[in-house]
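An overview of the molecular structure
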Amino acid sequence: SQWGEENLQALSIQEGEDVTMNCSYKTYTTVVQWYRQKSGKGPALIILIRSNEREKRSGRLRATLDTSSQSSSLSITGTLATDTAVYFCATVTYQGGRALIFGTGTTVSVSP
Amino acid sequence: EAAVTQSPRSKVAVTGGKVTLSCHQTNNHDYMYWYRQDTGHGLRLIHYSYVADSTEKGDIPDGYKASRPSQENFSLILELASLSQTAVYFCATQGLDTEVFFGKGTRLTVV
């Protein structure tokens, strides 16, 4: 498997709180992508961080990447109820072509 | 707007029967993927393709075949459906940049 430590499985928080989720990966990657999947929908990319970046911000989202420890984190500040979703990290591996491999995901439930 | 269309959106199949899930894209992307999602698991890669008439095995290919007859179409075939293949299946595409676009998913129930 591409993945080492399991992602934290589920988080329940109140609106306005900040949340951070982590993932680690086993093999070299040039990019880590974070996807959000809302109930009944397919995943959608929310932020992407490349191996030459330590941090990337997009609105209330902040992603970090530590290539030495092969880990990445996603933080959401000032959560809203609409942030309720499953969040996946994903890396690109090369195995006879380019494949995007997903971690198991973190379920975030934000209560109003 | 990128578009990945899966059909059917939902299907009930009998054990031992043949099931074909279809995916059509208008993104003009080279890469297409089939993922499986089970409760408590992330998305697991079954098969993928980066050129027409060629497919590659992902992490969990056993029990599945794939077909890429054209750049736009990518099918997932279950020759002998089993109960353990009950899941939601997602098709996705990826172009030269790294963002992946997903279809809305197909809920397959094998009984």
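Here's a quick rundown of the structure. (Residues numbered from 1 in each chain as written. Chains lettered and ligands numbered in written order. Predicted model: local features only at pLDDT ≥ 70, side-chain atom pairs only at ≥ 80, totals over all residues. Heavy atoms only, no water.)

Side note on the sheet that holds strand β5 (residues 55-58) of chain A
All names here are of chain A. An order of β2-β7-β6-β5 is seen for the 4 strands of this open sheet, with the pairing classed as antiparallel. With one partner strand each, in any of the chains shown, β2 (19-24) and β5 form the two edges of the open sheet. Ignoring strand direction, the axes of neighbouring strands in this sheet form an average angle of 15°. The pairing of strand β6 (residues 61-66) with strand β7 (residues 71-76) spans 6 bridges and is classified as antiparallel. The residue bridging Asp 66 from the neighbouring strand is Ser 71, located in β7. (Pairing = 2+ DSSP bridges. Helix = DSSP H or I, 4+ residues; strand = E, 2+ residues; numbered from the N terminus. Axes fitted to C-alpha atoms, helices over the stretch in contact; angles between N-to-C directions.)

Focus: the pattern of salt bridges
Overall, the coordinates contain 7 salt bridges over all chains when judged by the stated rule. Put simply, Arg 62 of chain A and Glu 55 of chain A hold a salt bridge, and the shortest N to O gap is 2.9 Å. For Glu 55 of chain A, a relative accessible area of 37% corresponds to the partly exposed category. Note that Asp 38 of chain B is salt-bridged to Arg 36 of chain B, the shortest N-O span being 2.8 Å. Each member of the pair, Asp 38 of chain B as well as Arg 36 of chain B, is classed as buried. Through salt bridges with shared partners, a single network forms among Arg 36, Arg 60 and Asp 83 of chain A. (Salt bridge = Lys/Arg side-chain N within 4 Å of Asp/Glu carboxyl O. Buried < 20%, exposed > 50% of the residue type's maximum accessible area, 1.4 Å probe, protein only.)

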